[in-house]
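Descriptive analysis of the structure
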Amino acid sequence: MTNVPQTYDETDAVVHCQLFYVKDSQQAQVESLQSLIAEHTLPIILDVEVATEKLTQKRRQQLSQASTQPILLLDDKDKLLWLSDGLSVAPEWDKLQRRVVSAGRKSELLLQAAKITSDSHIIDATAGFGHDSLILASTGAQVTMLEQQPLMALLLLAEQQRMSALPNWQKLMSRLQIINTDALSYFANLEASNVIDNATTIDIVYLDPMFPEDSYQDSKTGKGAKVGKHMQALHQLARPPTLDEERQLLSSAQAVVQQSTQGQGRVVVKRPQYAPLLADELASESWHNEAVRFDGYFV
C-alpha cells in the first residue's frame, strides 16, 4: 500500500485538496462545496482546476499516485469522488436505495443488534462513508454522524446535499446530522453538559473503528471477507486504534449512553467476523454472519 502523505492524517491542520471539475457548468457546484467548507468550518483549502484532458481510470490512477495532496473530482454526473491510491471512491448513497427501502431486522443484521425505533437517537461515532448511518436512519431514527477526517466529512456533506435534491430521499436526509469531530471530544462535551432530556437522549452509540487489514480473515483457515475499495481508501486516511484507545472509546461511549438513558441503551460495535473484541471487552450479545459481527454492550 502506498505511503500516505502526513497531511492526510493531520486532522487538526489545514488540508490542501486539489479539486478537478470536468465542465464549466459545474462552477456552481464548486462554489457550493466552498460554502459547505465555510459553513461547517472544515479545515480544508481547495485548489480548484478544470480538467483539460479526459480523466480516464488510468489517468486518475496516475494523478492520485503522483500527488502529495488529496485529489477530489467532480465527475460528469456531478458526483464528488476522492481519488485514493488509484481508486475512485465516493459515498454513493443512491446505490443503497434497495437496502434502504427494504431495511428491517430480517434483512439487516445491524438493525437486529441495534433494536431501534423511529423515536431513537443514535450517534454513529465513526461515520466513514455513511452507509451504516443510512440503514440506521431508514427506521425513522435520528442519526448524528461523527467523522474525524475533514476530507471524509466533506464527502459526506456533499453527498447529503446531492441526495437532498431528490424528492424520495429528502426525509431520510433530514434525519442525518454530519459533524466533523473526533468521537472522544464529542463524548466529553456531552458528558460535561450533564443535560438529560428528550432532545439530547442518546439511545445507541454505534462504533465501527478501523481494524488491521489482516483481521478480515481467519489466520488459520483463510476464510472471511475481502477488503472492499471503500475500506481500502479509509486505510489511507486512518490507522487502527491502539488497545488503550479502544478502551477509551468504548468506555466513553458507554458513559454517554448510561448518562442519557439511565440503563436502557446500548453500544453496538461492528467488527469483521474473525476480529478480536473491541478493547478485549466481552460483549453482552453478538450477532454475526459469514463476514461481519455486531457486538452489543448493554448499559
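Every value quoted in this text rests on a predicted model; they were computed, and no experiment measured them. (Residues numbered from 1 in each chain as written. Predicted model: local features only at pLDDT ≥ 70, side-chain atom pairs only at ≥ 80, totals over all residues. Heavy atoms only, no water.)

Before going further, it helps to spend a moment on the overall build of the protein. The secondary structure content of the protein amounts to 10 helices and 12 strands. When contacts within the protein are restricted to residue pairs at least 6 apart in sequence, those whose partners lie at least 24 apart make up 69%. Split by element, the accessible area of the protein, about 14600 Å² in all, is 47% carbon and sulfur. (Helix = DSSP H or I, 4+ residues; strand = E, 2+ residues; numbered from the N terminus. Contact = heavy atoms within 4.5 Å. Areas by Shrake-Rupley, 256 points an atom, 1.4 Å probe, with all protein chains shown as cover.)

Pairing analysis gives seven bridges linking strand β1 (residues 15-21) to strand β2 (residues 44-50), with the strands arranged parallel. Within the sheet, the bridge partner assigned to Cys-17 lies in β2 and is Leu-46. Taken together, β1, helix α1 (residues 27-39) and β2 constitute a β-α-β crossover, and its handedness is right-handed. (Pairing = 2+ DSSP bridges. Right-handed = clockwise from strand over helix to strand, strands pointing away.)

As a further point, take the packing of aromatic side chains. Going through the model one piece at a time under the given rule, you end up with one aromatic pair. Here Tyr-206 and Phe-294 contribute two aromatic rings whose centre-to-centre distance is 6.5 Å and whose plane-to-plane angle is 35°, an arrangement assigned as tilted. Taken as a pair, Tyr-206 in strand β9 (residues 204-207) and Phe-294 in strand β12 (residues 292-298) lie far apart in primary sequence, 88 residues in all. (Phe/Tyr/Trp six-rings, centres within 6.5 Å; stacked < 30°, edge-to-face > 60°.)

In this model, helix α6 (residues 150-164) (15 residues) spans 21 Å end to end at C-alpha, consistent with the 21 Å of a helix rising 1.5 Å per residue. Of all the 15 residues making up α6, 12 are buried; the element is thus mostly covered by neighbouring parts of the structure. (Expected span 1.5 Å × (residues − 1). Buried < 20%, exposed > 50% of the residue type's maximum accessible area, 1.4 Å probe, protein only.)

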